[in-house]
Amino acid sequence: MAVNDKNGKDAVTHYKVLQRFRGYTYIECRLETGRTHQIRVHMASIGHPLLGDEVYSNNRQRFSLQGQTLHAKILGFVHPRTSGYVETDAPLPAYFEELLRKLS
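The sections below set out a description of the structure shown in this document. Values in this document were obtained by computation on a predicted structure and should not be read as measured data. (Residues numbered from 1 in each chain as written. Predicted model: local features only at pLDDT ≥ 70, side-chain atom pairs only at ≥ 80, totals over all residues. Heavy atoms only, no water.)

**Focus: the pattern of salt bridges**
Part 1: The full count for this structure, using the stated rule, is three salt bridges.
Part 2: Of the charged contacts in the structure, one is a salt bridge between Lys-73 and Asp-89, with a shortest N-O distance of 2.8 Å. Here Lys-73, found in the loop between α1 (38–45) and β3 (74–78), pairs with Asp-89, found in strand β4 (residues 85–89); they are 16 residues apart in sequence, far enough to count as distant.
Part 3: Here Lys-73 falls in the partly exposed class, since its relative accessible area comes to 44%.
Part 4: Note that Glu-98 and Arg-101 form a salt bridge whose closest N and O atoms lie 3.1 Å from each other. Pair noted here: Glu-98 and Arg-101 are both in helix α2 (residues 94–103), with a separation of three residues, about one helical turn. (Salt bridge = Lys/Arg side-chain N within 4 Å of Asp/Glu carboxyl O. Helix = DSSP H or I, 4+ residues; strand = E, 2+ residues; numbered from the N terminus. Buried < 20%, exposed > 50% of the residue type's maximum accessible area, 1.4 Å probe, protein only.)

And the structure:
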């Protein structure tokens, strides 16, 4: 996956800074589209890859991570059979909270 202005499909990601750390930034993203790896590709394309992302960054980091630091707090969709809106909310996992404490 990559940003491709000539042949790519539209993909829109809105992001806002929640907290800045030395060398890292905690952000929130809201997607208008749902492309594969969308957040990872967009953040890497503006020079801010996700911490722990082995595909879209150089992955040089000092933490023992199991994958990229990406968490879906709220997911919502229109159910294909009932056409009703379904939404689920999940708190940050403990390892993610611990990483934020280490960065503070």
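Okay, back to it.
**Let's talk about the pairing of strand β2 (residues 24–31)**
Part 1: Taken together, the eight bridges between strand β1 (residues 13–21) and β2 define a ladder with antiparallel strand orientation. Bridging from a neighbouring strand, Lys-16 pairs with Glu-28 of β2.
Part 2: Counted along the chain from β1 to the antiparallel partner β2, the turn is two residues long, and its residue Gly-23 has a positive phi close to 85°. (Pairing = 2+ DSSP bridges.)

**Observations concerning the pairing of β4**
Part 1: Pairing geometry for β3 and β4, over five bridges, is antiparallel. Across the sheet, residue Phe-77 finds its bridge partner in β4, namely Val-86.
Part 2: Turn length for the β3-β4 hairpin, with the two strands adjacent in sequence and antiparallel, is six residues, and the turn residue Ser-83 shows positive phi of about 65°.

**Description of the environment of Arg-62**
Part 1: Relative to the helices and strands, Arg-62 is located in the loop between α1 and β3.
Part 2: For the pair Arg-62 and Gly-52, spaced ten residues apart in sequence, the C-alpha to C-alpha distance is 9.6 Å.
Part 3: When sequence neighbours within four positions are dropped, the list of residues in contact with Arg-62 reads Tyr-24 and Leu-103. (Contact = heavy atoms within 4.5 Å.)

**Observations concerning the packing of aromatic side chains**
Part 1: Scanning all chains against the criterion turns up three aromatic pairs.
Part 2: Ring centres of Tyr-26 and Phe-96 lie 6.2 Å apart, and the angle between their planes is 50°; on these two criteria the pair is classed as tilted. Of the two residues, Tyr-26 sits in strand β2 while Phe-96 sits in helix α2, which places them 70 residues apart along the sequence.
Part 3: Measuring from centroid to centroid gives 6.2 Å for Tyr-95 and Phe-96, while their planes differ by 45°, and the two rings are tilted.
Part 4: Judged by relative accessible area, which is 7%, Phe-96 ranks as buried.
Part 5: Among the aromatic residues, ring-to-ring pairing joins Tyr-26, Tyr-95 and Phe-96 into one connected group. (Phe/Tyr/Trp six-rings, centres within 6.5 Å; stacked < 30°, edge-to-face > 60°.)

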